[in-house]
Amino acid sequence: MSEDKLSRAEVAVLSFLLGSPAAQRQVGIAEATGVTQARVSQILAAADAFGWTERGPDGWQVRRPRELFERLVAARPPKVDVIESWYSLDTMQRQIELALEHASVQQVSLQVCGDWAADRVAPWRIPDIVYLHADGHLDLQAAGFVPVETSPADATIVVNVGKLAPGLRLDPAIATAMGGPPAQAWPLAPITEIARHLLTGDGPDTAEAVAELEQRFLAARSELERVA
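Starting afresh in each chain, residues are numbered from 1 along the sequence in its written order. Whole-chain, interface and lining totals are the exception, using all residues; otherwise, since this is a predicted model, local features are given only for residues with pLDDT of at least 70 and side-chain atom pairs are given and counted only at 80 or more. Here the side-chain values reflect all heavy atoms present in the structure, with hydrogen atoms and water set aside.

**Description of the pairing of strand β2 (residues 59–62)**
And step 1. One requirement defines pairing of two strands: DSSP has to find at least two bridges between them. We count a stretch as a helix when DSSP gives it H or I for four or more residues in a row; a strand needs E for two or more, and each element gets its number in order from the N terminus. Where strand β1 (residues 53–56) meets β2, four bridges bridge the pair, whose relative direction is antiparallel. Within β2, the residue paired with R55 across the bridge is W60.

Laid out in structure tokens, this is it:
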């Protein structure tokens, strides 16, 4: 492990641990991230040497969550196999709800990312285009969407299709503690993925939006860690 450059397996393991206030055992980390137990062991040993993690009687925990958050935001993004773009005249919130409904029918795992995910737990600015992560092709034509074949800038929803590890998402308990809706919550991407996506935008308040997201996440995580 390089302190400056993390592999995707390292990002997955450390992102899961950062998003889990309770201590986690290696077998659980492997199941949640899809990384082998042997590789998880190597990653945690190296992270412990950097001072990012520590092993306690109940399992592994993050030692310096703020530093690890910022390292992970600066790390390489998940691999994307294809980008699919769609357009609809429905309200943006309705578009997200329709996408989630049709993903469930089509047995596609889906996560909300970008500004709409951030707005769910740390409102800062008015979100526009919807960014989703999916683990397979999502056909939205039956929901009234029109595929965008030209520029993604013309789309209202952009779907990044690629592998999604089962345990890599923003924990609903943390989302609620951050101020998100306690019921009927959207499945949200990992907090560091949301922050990284915000930083790809060109809005004048991007840094402030990420700072607000980070502050709320770390405060909620700390609160839940005390009661875990």
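Resuming the write-up.
**Section: the pattern of salt bridges**
And step 1. The term salt bridge refers to a pairing of a side-chain nitrogen on Lys or Arg with a carboxyl oxygen on Asp or Glu at a separation within 4 Å. In total, this model carries 12 salt bridges according to the counting rule given.
And step 2. Where R63 meets E54, a salt bridge forms, and the shortest distance between an N and an O atom there is 3.6 Å.
And step 3. E54 gets classed as partly exposed once you look at its relative accessible area, which sits at 34%.
And step 4. Between E212 and R216 there is a salt bridge, with the nearest N and O atoms lying 2.9 Å from each other. Exposure is judged per residue with a 1.4 Å probe applied to protein chains only, and the accessible area is read against the type maximum: over 50% gives exposed, under 20% gives buried, and values in between give partly exposed.

**Notes on helix α9 (residues 206–227)**
And step 1. Each helix should span, by expectation, one fewer than its residue count multiplied by 1.5 Å. In this model α9 runs 32 Å from its N-terminal to its C-terminal C-alpha over 22 residues, within 8% of the 32 Å that 1.5 Å per residue would give.
And step 2. All of the buried residues in α9 are T206, A209, V210, E212, L213, E214, F217, L218, A220 and R221.
And step 3. We call two residues in contact whenever any of their non-hydrogen atoms come within 4.5 Å of each other. Tucked inside the fold, the buried residues of α9 contact α1 (8–18), β2, α4 (65–73), α6 (114–121), α7 (172–178) and α8 (191–199).

**Regarding the side chain of E193**
And step 1. Topologically, E193 is positioned in helix α8.
And step 2. E193 sits in the buried class, given a relative accessible area of 9%.
And step 3. At 2.3 Å, the side chain of E193 and the side chain of R196 are in polar contact.
And step 4. Beyond its immediate sequence surroundings of up to four residues, E193 is in contact with P78, C113 and H133. Pairs of N or O atoms are called polar contacts if they sit within 3.5 Å, as long as, within protein, a hydrogen donor faces a hydrogen acceptor (for residues adjacent in sequence, only side-chain-to-side-chain pairs).

**Things to note about the pairing of strand β7 (residues 157–161)**
And step 1. Of all five residues in β7, five are buried; the element is thus mostly enclosed.
And step 2. Residues I157, V159 and V161 of β7 are buried on one face, and the alternating residues V158 and N160, pointing to the opposite face, are buried as well.
And step 3. Pairing geometry for strand β3 (residues 82–87) and β7, over five bridges, is antiparallel. In the sheet register, W86 faces β7, and the bridge partner there is I157.
And step 4. Pairing of strand β5 (residues 130–134) with β7, which is carried by five bridges, proceeds in the parallel orientation. Its bridge partner being in β7, V130 is matched across the sheet by I157.

**Some details on the environment of A23**
And step 1. Within the secondary structure, A23 is located in the loop between α1 and α2 (26–33).
And step 2. Expressed as a C-alpha distance, the spacing of A23 and V105, which sit 82 residues apart in the sequence, is 34 Å.
And step 3. Apart from the residues within four sequence positions on either side, A23 is in contact with D58, G59, W60 and Q61.

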